[in-house]
Structures are given as structure tokens and as C-alpha cells.
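Each chain, letter by letter, is given below.
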Amino acid sequence: MDNVKGTSIRGGLYIGLMSGTSVDGIDAAMVHLRGGYGGLTAKVLAHHAHSWPAALQRRLQAVMAPARARTAEICELNMLTAREFAKAALTLLQKAKIDKSKIIAIGSHGQTICHLPPGGDRTLGSSLQIGDAAMIAALTGITTVGNFRTADMAIGGQGAPLVPLVDQLLWTDDHRSRCIQNIGGIGNVTYIAPRGTVGEIIAFDTGPGNMIIDALVTLTTDGKMTYDRNGKFAAAGRIHKPMLRQLKVLEYFRLCPPKSTGRELFGMPLAIRLWRKYRHIGRNDLLATATELTAWSIAASYQRFLPQVPEETIICGGGAENAFLFSRIKSVLDMIGCHRVRHIEELGMINKAREAMAFAVLAAWTMAGIPGNVPSVTGARHPVVLGAITPAGLTKAATCRC
Ligand SMILES: Nc1ncnc2c1ncn2[C@@H]1O[C@H](COP(=O)(O)OP(=O)(O)O)[C@@H](O)[C@H]1O
Ligand SMILES: [Mg+2]
């Protein structure tokens, strides 16, 4: 990466679009970027949380169950989701009162519907993010970078996590070792040594974030609720030791990084198995136990896989809004020696904009020919420029010729 250290991006406005494994909505962030690897500055100027239309959200959740996924459905959803990503970007522009001509590019993560990283018997990893970039470019008139994960997978990587380099450049502390702990559907951590270099970054998926919690709430409320708001159910329950023991021995927790995971391991099929076996303990105890698993898996991962317990942990992602989960994480981290745990908004960052912002940065790097992966993190054989660029201009020309 030293050969691109001095390379700068084209400074100016970018939009990042992100929808995570929770499929709770699309986060759109308008970001002003300057610098490159060295001296990167990223300022979020506006954020918009775009809800998935309910019917589309249900179709996306259904297509993630491999046994029920049909090719024609995936094909159509690729375009339908792209239309929502484009709407999210256009609404953001409207909200910020910025003309689209001022935006250099959109970086769109897309919607992951399947993530099968290499490992175990699988030598060739694969991952599918839908939300077609050409459709987004056509509807917004803005050059769009998409399909970020496969370039890393094509050279042996997990294709995830991709945010750690951005984390390291923006959140390194001069004096303290830090973990940035994201709690989306899946939990993932970036460990940054004080004044740490790229080579010192450690990052991986710690296990489930909100995924089992959300699925159990959905199952135990007949779909009337989809998440445990502020952890109210869990706070009223008690940990069921046999269920927690059964979950703690899942192989994923013992695997050494590089590792990444998704709905395939911690999604609805697991929740249904748990619900069937333990429904007699009731909703609150089920949720207290699932919440404890997330907190435990974070602390256990730090003890097992980091060179030291961090001096500070910054919590972000939707799970940071779950007051009970936050308090459990604080408590288990305190027990292993991390006594400083903060919400990312204490550092002046809009929680919901953080990952979308990272994809704006990754798009800027792609456009400048700068690699965005960290091989020691993803397991890829070397640094690589991520993503595929669909220039808005070419999309227009192609339309005219038809
Ligand atoms: N106030 C809250 N209380 C409890 N959980 C919350 C709250 N707000 C968000 N969440 C959780 O955060 C999830 C969304 O988090 P997010 O970081 O967007 O995940 P992803 O990246 O997987 O989409 C929701 O599904 C829900 O479980
Ligand atoms: Mg989300």
C-alpha cells in the first residue's frame, strides 16, 4: 500500500448508500472528502434514513432463505432494490438542497442476499449484493460505484469487513488502543493500536449483533414487532443457562480471523430452532439470553483474538441504540479490563451515517485507483482496488443510441 500512500482522491462531495443484513432500511450519507490514505478527511454533511417499502422488505427477507430463493425473483429484486437506493440518494440531495451535478460519485454497498466466505470445505468464496449500479446511475445521473466485495474475494479474501481501513484513518487515537464495535445484524470489530499502522489493524465479525434478537422478537410477536426496542424484553428476562451454553459452543466463535459471517449462520433458521427448543422459557428469557450472547461474543472475541484488551471501545450500529444491550456490553467489557465504552455519537459522528460514509470513501478510492481492502483483515492475497464503476455519462449515451 506504500505505493499509493501519496495518491489523493478527487476532493469534493460523494454519496454513500448502505443497507445491512438487518434489512431495516437504506442509510444515505452525503460526505465531503479530501486527501487519500494520508490526511483523509471525511465530513458528513447530510444523512437520510430511507425505509424499504414493506412489500419489498418482505421479498428481500424471503429471498435470503436459500431454499426459497428463485432466480427470477433475485433478478427482479436486483432492479427493484436499485430503484430504492436511487430514491434514497435523490431524497438526500433534496433534503440537503444540493444539485446532483455537485456529486462526484455514489458508492453503493447494495443489499447482501447471500454471503459465503471461503473457509472449511469452501475454497472459493462468493457474496452477492443486489441493487444494480447501472440502474442507480441511470436514475440519479450520478456515476455509481458498486459491487465492492467480489474483487477481494477473487483473490482469496472474505470480501469483508471492508470498513476497517476507513476506521483506522478516521478513528486512530494517539494514546489509546481502540475498538470500533459495530452492532448491525452481525457484530464486527476494528481494533486500532495507538497511532496504529495499516498492518496493525485487526478486524473481523464477532458473531451475531441484533440478528438472533430480531428474529426471536419477530417469532414471539407473530411478526407484529421486529426488534427489541431499547432492550425492554431482554431487560425483563433472565439468562437461560442451557440455551446460552448451547450457543457459546458454536464453531464460529472459536474460528481464528480472518472470518466473516451472515444470515447463513445466525439468521432465522437458527432462531426457529432455538424457539422450538426453548419456547417454554418465554419471550423475555429468550431475549435476555440472545442479548447476553451478543455481549459475551464481543468480550470473548477481544480476549481470544486481539493482541490486548482495548483501552477504549466505541459502540456503533443499530445495536448501540439498544440501551440494555449497551449496558451488558459495558459490563462484560469492564470484567475483561476495558473500562471505557462510548457511543460513537460521543465522538461527533451520526451513528446511522457511519457505514454509508465509509462506502463514499471506498468509492472515492476506487475512482482514484486506490485499494480499499486490508489483506491481513480479509485474507486476500494482496491489496486490490474494490468495486466496479458505472459512469453516469455512458449510461446516458447508451440510452440515446437505443
Ligand atoms: N432503539 C433500538 N432498540 C433496540 N434495537 C435497535 C434500536 N434501534 C435499532 N436497533 C437494532 O438495530 C438494527 C439495525 O441496525 P443496523 O446497524 O442498521 O444493522 P444492519 O447494518 O444489519 O442493517 C435493527 O434491526 C434493530 O435490531
Ligand atoms: Mg441497517
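Look up: the structure comes first, before these words.
Remember, it's a predicted structure, so these values are computed and weren't measured experimentally. (Residues numbered from 1 in each chain as written. Chains lettered and ligands numbered in written order. Predicted model: local features only at pLDDT ≥ 70, side-chain atom pairs only at ≥ 80, totals over all residues. Heavy atoms only, no water.)

## Observations concerning the site of ligand 1
Put simply, the rule is: Put simply, a residue is near a molecule or strand once any heavy atom of it comes within 4 Å of that molecule or strand. In protein, a polar contact requires one atom able to donate a hydrogen and another able to accept it; more generally it is a pair of N or O atoms within 3.5 Å, and residues adjacent in sequence count only if both atoms are side-chain atoms. The Shrake-Rupley method, run with a 1.4 Å probe, gives the accessible areas here. Residue values count only the displayed protein chains as cover. Where each domain begins and ends is defined by an automated method or by a domain database.
In the vicinity of ligand 1, 19 residues are found, and the nearest of them are S22, G185, D214, N230 and G318. D24 is positioned such that a nitrogen or oxygen atom in its side chain is 2.9 Å from an oxygen atom of ligand 1. In the model, a nitrogen atom of ligand 1 is placed 3.5 Å from a nitrogen or oxygen of the E321 main chain. Out of a free accessible area of 580 Å², ligand 1 has 87% covered by protein chains. Each of domain 1 (2-161 + 353-401) and domain 2 (164-351) accounts for three or more of the residues forming the shell around ligand 1.

## Considering the pairing of strand β1 (residues 12-19)
Successive residues of a regular strand alternate their side chains across the two faces of the sheet. Cut-off, in case you're wondering: A 1.4 Å probe rolled over the protein chains alone gives each residue an accessible area, and that area as a share of the maximum for its type sets the label: buried under 20%, exposed over 50%, partly exposed in between. Every helix listed is a DSSP run of H or I at least four residues long, and every strand listed is a run of E at least two residues long, numbered separately from the N terminus. We treat two strands as partners when DSSP finds at least two bridges between them.
A large share of β1 lies buried, amounting to eight of its eight residues. As judged from the seven bridges shared by β1 and strand β2 (residues 26-34), these two strands associate in the antiparallel manner. Looking at the pairing, G16 lines up with A29 of β2. Adjacent in sequence and paired antiparallel, β1 and β2 are bridged by six residues, among which V23 carries a positive phi angle near 50 degrees. Looking at chain direction, β1 and strand β4 (residues 103-116) are connected through six bridges and run parallel. Each bridged residue has a counterpart across the sheet, and for S19 the counterpart in β4 is Q111.

## Things to note about the layout of surface pockets
Worth spelling out the cut-off: Only protein atoms enter the 1 Å grid, on which a cavity is a set of points fitting a 1.4 Å probe that cannot get out and a pocket is an open set with protein on both sides within 12 Å along at least 5 of 7 lines, lining residues being those with an atom within 4 Å of a point. Grid points are joined across faces, edges and corners, and a volume is the space filled by probe spheres set on the points. By the convention adopted, Pro, Cys, Tyr, Trp, Phe, Met, Ile, Leu, Val and Ala count as nonpolar, Lys, Arg, Asp and Glu as charged, and the other residues, Gly among them, as polar.
Taken as a whole, the second largest pocket encloses approximately 540 Å³ of empty space. Around the second largest pocket, the lining is made up of 23 residues, and of these R122, Y252, L255, S260 and L265 lie nearest the centre. Among the secondary structure elements, those contributing two or more residues to the lining of the second largest pocket are β4, α9 (263-266) and α10 (268-278). Of all the elements, α9 adds the most residues to the lining of the second largest pocket, at three residues. A per-class count over the lining of the second largest pocket returns eleven nonpolar, seven polar and five charged.

## Regarding the pattern of salt bridges
Convention followed: Within this document, salt bridges are pairs made up of a side-chain nitrogen of Lys or Arg and a carboxyl oxygen of Asp or Glu, the two lying within 4 Å of each other.
Inspection of every chain in the model, using the stated rule, returns twelve salt bridges. With a closest N to O distance of 2.9 Å, E73 and R59 form a salt bridge. Taken as a pair, E73 in helix α2 (residues 71-96) and R59 in helix α1 (residues 54-63) lie far apart in primary sequence, 14 residues in all. Overall, the relative accessible area of 27% leaves R59 in the partly exposed class. Across the salt bridge formed by R59 and E76, the nearest N and O atoms sit 3.3 Å from each other. Of this pair, R59 sits in helix α1 while E76 sits in helix α2, and the two are 17 residues apart along the sequence. Salt bridges linked by common partners bring D173, R178, E312, R340, R342 and E346 together as one network.

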